[in-house]
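# Coordinate inspection notes
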Amino acid sequence: MDVYEAVDSRRAVRAFSDEPVPKEVLERVLTAATRAPSSGNLQPWHVYVVAGDPLAELKKRATARALAGDPGDEREYPMYPAELPSPYLDRFSAAAAQRYQALGIERDAPDRPMKIAALNSGAFGAPVVLFCYLDRTMGPGQWGDAGMYLQTVMLLLRAEGVHSCPQVMWTMYRKTVSQIVGADDALVLFCGVSVGFEKEGVPRLRTGRADMTETVSFIGV
């Protein structure tokens, strides 16, 4: 699989099979991902790879919180700006409607938030979740570095025939995650990334993207 194919085939999968991802695949991907760029070569990320019984226990605890209507732990950083202007709000709304319709959750269903939370806390059935943390002393530049690192990881997973789904949602249950992975208080949870093989026989969602001309300006080219 070349880079263009990996980029084109990468999407947030929200229905995974229970087929395990071989440890050697994860090691190969995460070893190669160490070449991801970071300003000053700080490599500010720390990743916990969780599977098996520890992941099952984490899913159990997080899902119990979700089904109980727990609003989650206090935010350590905003998931989105308080007010999203157009076109960002338009893109967000369109993608959300597509995403949960594909999962069989009606937009006007009264229990929609709880169902969404429960699906997320179960990592959509993924057998592996990567939890990416940063040191609290890091700034916006290093958070950008972590994004580039995780994109590198997700593209390498595609090269291995594996899918993923980045989930900032896990920050809502960051204390529960920390109990399982043993993360130091000096670290802040950036997000989780669910990893696995796509489940067969479920609707495959591919959200739209803005045309390149909407987000790119050529100057002197």
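In case you missed it, the structure is sitting above this.
Report on the accompanying structure. (Residues numbered from 1 in each chain as written. Predicted model: local features only at pLDDT ≥ 70, side-chain atom pairs only at ≥ 80, totals over all residues. Heavy atoms only, no water.)

### Looking at a nonpolar patch on the surface
- On the surface, Met 79, Tyr 80, Leu 89 and Phe 92 cluster together to form a nonpolar patch covering roughly 360 Å² of accessible area.
- Within the fold, Tyr 80 resides in the loop between α3 (52-67) and α4 (88-102).
- Residue Tyr 80 is classed as partly exposed on the basis of its relative accessible area of 45%. (Patch = residues over 30% accessible without salt bridge, like charges linked within 9 Å, V, L, I, M, F, W, Y side chains within 5 Å. Areas by Shrake-Rupley, 256 points an atom, 1.4 Å probe, with all protein chains shown as cover. Salt bridge = Lys/Arg side-chain N within 4 Å of Asp/Glu carboxyl O. Helix = DSSP H or I, 4+ residues; strand = E, 2+ residues; numbered from the N terminus. Buried < 20%, exposed > 50% of the residue type's maximum accessible area, 1.4 Å probe, protein only.)

### Overview of the packing of helix α2 (residues 23-32) against helix α6 (residues 140-159)
- The N-to-C vectors of α2 and α6 enclose an angle of 140°; their axes lie 9 Å apart at closest approach. By the criterion of interaxial angle, the relationship of α2 to α6 is oblique. In this structure, α2 crosses over α6, and the sense of that crossing is right-handed. Contact residues: Val 29, Leu 30 and Ala 32 in α2; Tyr 149, Val 153, Leu 156 and Leu 157 in α6.
- For the contact of α2 with α6, the residue count by class is seven nonpolar, no polar and no charged. (Axes fitted to C-alpha atoms, helices over the stretch in contact; angles between N-to-C directions. Parallel < 35°, antiparallel > 145°, perpendicular 65-115°, else oblique. Left-handed = near helix turned anticlockwise from the far one by under 90°. Contact = heavy atoms within 4.5 Å. Nonpolar A, V, L, I, M, F, W, Y, C, P; charged D, E, K, R; others polar.)

### What about the layout of surface pockets?
- Roughly 1800 Å³ of volume is contained in the largest pocket.
- Looking at the lining of the largest pocket, the elements that each hand over two or more residues are α1 (3-9), α4, α5 (112-121), α6 and β3 (163-167).
- Element by element, the count of residues in the lining of the largest pocket is highest for α4, at ten residues. (1 Å grid on protein atoms, 1.4 Å probe; cavity = no way out; pocket = protein on both sides within 12 Å on 5 of 7 lines; lining within 4 Å. Points joined across faces, edges and corners; volume = space filled by probe spheres on them.)

### Remarks on empty space enclosed by the protein
- This structure, assessed with the given rule, holds one cavity of 30 Å³ or more.
- Each pocket or cavity is described by its volume, and for the largest cavity that value is around 30 Å³.
- Looking at the largest cavity, the residues that line it are Leu 30, Val 47, Leu 130, Phe 131, Cys 132, Tyr 149, Leu 150, Val 153 and Val 193.
- Where the lining of the largest cavity is concerned, the elements lending two or more residues are β2 (128-135) and α6.

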